[in-house]
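# Structural characterization, general
Listed here are the chains, written in short residue letters.
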Amino acid sequence: MTVLPADGLSLAAEFPAPAHEQWQRLVEGVLRKSGKEAAGSAAEEALSTTVEDGLITRPLYTSRDSAPDAGYPGFAPFTRGSKAEGNAAGGWDVRQRHSLPDPARLNEAVLADLENGVTSLWLTVGGAAGVPVSALAAALDGVYLDLAPVVLDAGGETDAAATELLRICAERGVDAHSVRGNLGADPFGQAARTGAEPELSTAVHWAQRCAREFPGLRALTVDALPYHEAGGSAAEELGASLATGVAALRALTDAGLSVEQACGQLEFRYAATADQFLTIAKLRAARRLWSRVAEVCGATDAGAQRQHAVTSSVMMTRRDPWVNMLRTTLACLGAGVGGAGSVTVLPFDHALGLPDAFARRIARNTSTILLEESHLARVIDPAGGSWYVERLTAELADAAWSFFQEIERSGGQAAALRSGMIGERLAATWAARSKDLARRKEPITGVSEFPQLAQRPVEREPAPAGPAASGGLPRVRRDEAFEALRARSDAHLAATGQRPRVFLAALGPAAAHTARVSFAANLFQAGGIEPVHDPVSVDATTAADAFRAGGATVACLCSSDALYAEQAGAVAEALGSAGARRVFLAGRPGEYAGVDEYVFAGSDVVAVLSSLLDRMDVA
């Protein structure tokens, strides 16, 4: 019998400790096989990726990647969490959003959610999209307001909605100390969305009253969603939220509240995306940054930021919306691991109209599974200590602080919005990102990659129209350029009974052409153009007849570079003679007779498809 040493068995005892330089030499070998020559740190840099805000994601992180001390959960700088117990005591608050003007339908949806895992309500009140203020009591009939916090989103009707909510609480005998939630006063968010000047008097009034009478109720929301939804990066979203929070602190302290009281009236709202690590780092960085603001204001212990994370509407797609379930799951996971106190998962059909009961059930159960079955909340700051996450948190915080300083130098949040400085910065970021989307460097599953032309569209009751745009920040979606192409194809299908078609002229055996046939079919379907691949393979003598039989007006050659050199010119000439308006080749540009255009990885797919639809007379 083998007796283990008293200090246990070291599984790595027989292996020498690897050095960073050894790993770099292995990388050099891999790069050499792909035709690239790089040595040492240059080899490592060749595998690095530059993302938004100029941040660089490297292939390997080690203990040499230093980051500021993250501290302890519940203590400044609060990077690891705003509370010492983290999410371990019951997990995050599952907050469901509701935008229904019909109080009876809203009440039915609210009760169903509260009975099945939702722990707080986020209600749109007033306007065309929300329940009328006068019907708020009916919408909340049967809701225990001392148990279920209510968060209002009432825009210009915040004062009336807050008054009515507190009247309902008093009428139902809810003690002032038991009233919880957020009245949703959001003057800067409204200014960002509408282009108007921020109106602070209502927010200040309710902050004073909440601080005096309702210790569990907050008055203000620092909403960063307008900046995210206008195409801003993570650092720009954080920087704008910091500037908004500082502007709110100035207004509240000028009105007589202490810094501690003013901080207690704020809840910050951020977007959570399917990039789980960026979401984790963003929430951690936000807490570190706000802690720094509180420290400078002389209230270090008040710097524990209250966070509400909402799954991003920018990432939600209208085509193949079922994939949104996967996106929101990853976003919810990132928000939970990142330490958000409240999480709202938007239903997968959010971009299509009013969600149905199934979509709301999936949304709330996303949090339930992560909390109850995956036990995600049992560990405080589970990503803490990861060299990658800690480094990303620090770099993102630095980039966000830099943007915050730019806003402050321009006169503060209100002045930066008024001058257009913020809008111009976000527009430039979105323009750069749009190029990546058009080139599929940032793929969208089900839209720009693996689209399903035959899938029946998911139809929903249209959502009530919100206020018309009036000079505020725009709202963008990742899928918008491809959605425009697909809409053209749909209209053509409705008018003619057939989608525009492209004939895939595959040369040689399947082993030679399958990869590029799949690539081309994927690319053309992203624009609503139906690929025809019959027969499986053609040559110069059979291509013309096959093209005519396929009912297409354009063609694309698909094969290996070797077979292109032998056959591409002759087949392209045959296709042109058969009436092809445009002959494409799937591959890098070359000199082939009869080929009009090339499609390849990294080409501007949106520009190619838009031009092609024009040539195919698809209006």
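About the criteria used
Residues numbered from 1 in each chain as written. Predicted model: local features only at pLDDT ≥ 70, side-chain atom pairs only at ≥ 80, totals over all residues. Heavy atoms only, no water. Helix = DSSP H or I, 4+ residues; strand = E, 2+ residues; numbered from the N terminus. Rg over C-alpha atoms; globule rule 2.2 N^0.38 Å. Buried < 20%, exposed > 50% of the residue type's maximum accessible area, 1.4 Å probe, protein only. Contact = heavy atoms within 4.5 Å. Areas by Shrake-Rupley, 256 points an atom, 1.4 Å probe, with all protein chains shown as cover. Lys, Arg positive; Asp, Glu negative; His and termini not counted. Charge placed at Lys NZ, Arg CZ, Asp CG, Glu CD. Pairing = 2+ DSSP bridges. Right-handed = clockwise from strand over helix to strand, strands pointing away. Salt bridge = Lys/Arg side-chain N within 4 Å of Asp/Glu carboxyl O. Expected span 1.5 Å × (residues − 1). Axes fitted to C-alpha atoms, helices over the stretch in contact; angles between N-to-C directions. Left-handed = near helix turned anticlockwise from the far one by under 90°. Nonpolar A, V, L, I, M, F, W, Y, C, P; charged D, E, K, R; others polar. Phe/Tyr/Trp six-rings, centres within 6.5 Å; stacked < 30°, edge-to-face > 60°. Core = buried A, V, L, I, M, F, W, Y, C linked by side-chain atoms within 4.5 Å.

Turning our attention to the overall build of the protein. Along its length, the protein carries 21 helices and 15 strands. Relative to the globule expectation of 25 Å for 619 residues, the C-alpha radius of gyration of the protein, 28 Å, shows essentially globular dimensions. Considering only C-alpha atoms, the protein reaches an extent of 85 × 75 × 60 Å along its principal axes. Within the span of the protein, comprising 619 residues, buried residues form 50% of the whole. Intrachain contacts of the protein at a sequence separation of at least 6 include 76% that bridge at least 24 residues. Approximately 27000 Å² of the protein is accessible, and the part contributed by carbon and sulfur atoms is 54%. Between the mean site of the 57 positive side-chain charges and the mean site of the 73 negative ones, the protein shows a separation of 1 Å.

With that settled, consider the pairing of strand β5 (residues 150-153). Bridge analysis of strand β4 (residues 120-124) against β5 gives four bridges, and the strand direction is parallel. Across the sheet, Leu-121 pairs through a bridge with Val-150, a residue of β5. In this sheet, strand β6 (residues 181-185) lies alongside β5 in parallel orientation, the contact comprising two bridges. Across the sheet, the residue bridging to Val-150 is Gly-181, located in β6. After leaving β5, the chain enters helix α5 (residues 158-171) and then returns to the sheet as β6, a path that is right-handed.

Turning to the pattern of salt bridges, a few remarks are in order. Tallying each qualifying case throughout the model produces 43 salt bridges. The salt bridge involving Arg-58 is made with Asp-65; its shortest N-O contact spans 2.5 Å. The exposure class assigned to Asp-65 is buried, which follows from its relative accessible area of 16%. Via salt bridges that share partners, Glu-52, Arg-433, Glu-442 and Arg-478 belong to a single interconnected network.

Attention now moves to helix α9 (residues 234-254). Compared with an ideal rise of 1.5 Å per residue, which puts 21 residues at 30 Å, α9 spans 30 Å between its outermost C-alpha atoms and is within 8% of the ideal. Among the 21 residues that make up α9, 18 are buried, leaving the element largely enclosed by the rest of the structure. Within two residues after α9, Gly-256 carries a phi angle of roughly 110°, on the positive side.

Attention now goes to the packing of helix α12 (residues 323-338) against helix α13 (residues 357-373). Running from N to C, α12 and α13 point in directions that differ by 35°, and their axes come no closer than 10 Å. Pair α12 / α13 crosses with right-handed handedness. In this structure, α12 uses Met-325, Thr-328, Thr-329, Cys-332 and Leu-333 to contact α13, whose residues at the interface are Phe-358, Ile-362, Thr-366, Ser-367 and Leu-370. Its residues assigned to classes, the contact of α12 with α13 shows six nonpolar, four polar and no charged.

This part is about the packing of aromatic side chains. We describe a pair of aromatic rings using the distance from one ring centre to the other and the angle between the two ring planes. Inspection of the entire model under this criterion finds eleven aromatic pairs. On the basis of an interplanar angle of 75° and a centroid distance of 5.9 Å, the ring pair of Phe-348 and Phe-358 is categorised as edge-to-face. Taken together, the residues span a long stretch of sequence, with Phe-348 in the loop between β10 (342-344) and α13 and Phe-358 in helix α13 at a distance of ten residues. Residue classification places Phe-358 among the partly exposed positions, given a relative accessible area of 34%. Considering the side-chain rings of Phe-524 and Phe-584, the 5.6 Å spacing of their centres and the 75° angle between planes classify their relative orientation as edge-to-face. Taken together, the residues Phe-524 in helix α18 (residues 510-525) and Phe-584 in strand β14 (residues 582-586) connect sequence positions 60 residues apart. Here the aromatic cluster, defined as three or more aromatic residues joined through ring pairs, consists of Tyr-61, Phe-277 and Tyr-388.

Along the chain, Glu-395 turns up in helix α14 (residues 387-409). You can call Glu-395 buried: its relative accessible area is 19%. When near neighbours in sequence (up to four residues on either side) are disregarded, Glu-395 contacts Leu-55, Ile-56 and Arg-58.

Compared with an ideal rise of 1.5 Å per residue, which puts 16 residues at 22 Å, α18 spans 21 Å between its outermost C-alpha atoms and is within 8% of the ideal. Listed in full, the buried residues belonging to α18 are His-513, Val-517, Ala-520, Ala-521, Asn-522, Leu-523, Phe-524 and Gln-525.

Judged by pairing direction, the sheet is parallel, and its five strands sit side by side in the order β12-β11-β13-β14-β15 without closing on themselves. Here the strands that pair on one side only, and so sit at the sheet edges, are β12 (530-532) and β15 (597-599). Put simply, the sheet's adjacent strands are angled 30° from each other on average, direction ignored. The pairing of β14 with β15 spans three bridges and is classified as parallel. For Leu-585, the partnering residue across the bridge sits in β15 and is Tyr-598. Where α18 meets the sheet, its contacts fall on β11 (501-506), β12, β13 (554-558), β14 and β15, and the angle it forms with β11 comes to roughly 170°.

Judged by pairing direction, the barrel is parallel, and its eight strands sit side by side in the order β3-β4-β5-β6-β7-β8-β9-β10 before closing back on the first. Strand after strand, the sheet turns through a mean of 30° between neighbouring axes, direction not considered. Note that strand β3 (residues 93-98) and β4 share four bridges and pair parallel. Looking across to β4, one finds that Arg-97 is bridged to Trp-122.

Quick look at the nonpolar core now. Counting 106 residues, the largest nonpolar core has Leu-123, Val-125, Leu-140, Tyr-227, Leu-266 and Trp-290 as its most contacted members. At eleven residues, α9 tops the list of elements feeding residues into this core. If we ignore the near neighbours within four places in the chain, the residues touching Leu-140 are Asn-107, Leu-121, Leu-123, Leu-145, Val-150, Leu-165 and Arg-172. In this structure, Leu-437, Phe-547, Cys-556 and Met-616 belong to the second largest nonpolar core, which totals 56 residues.

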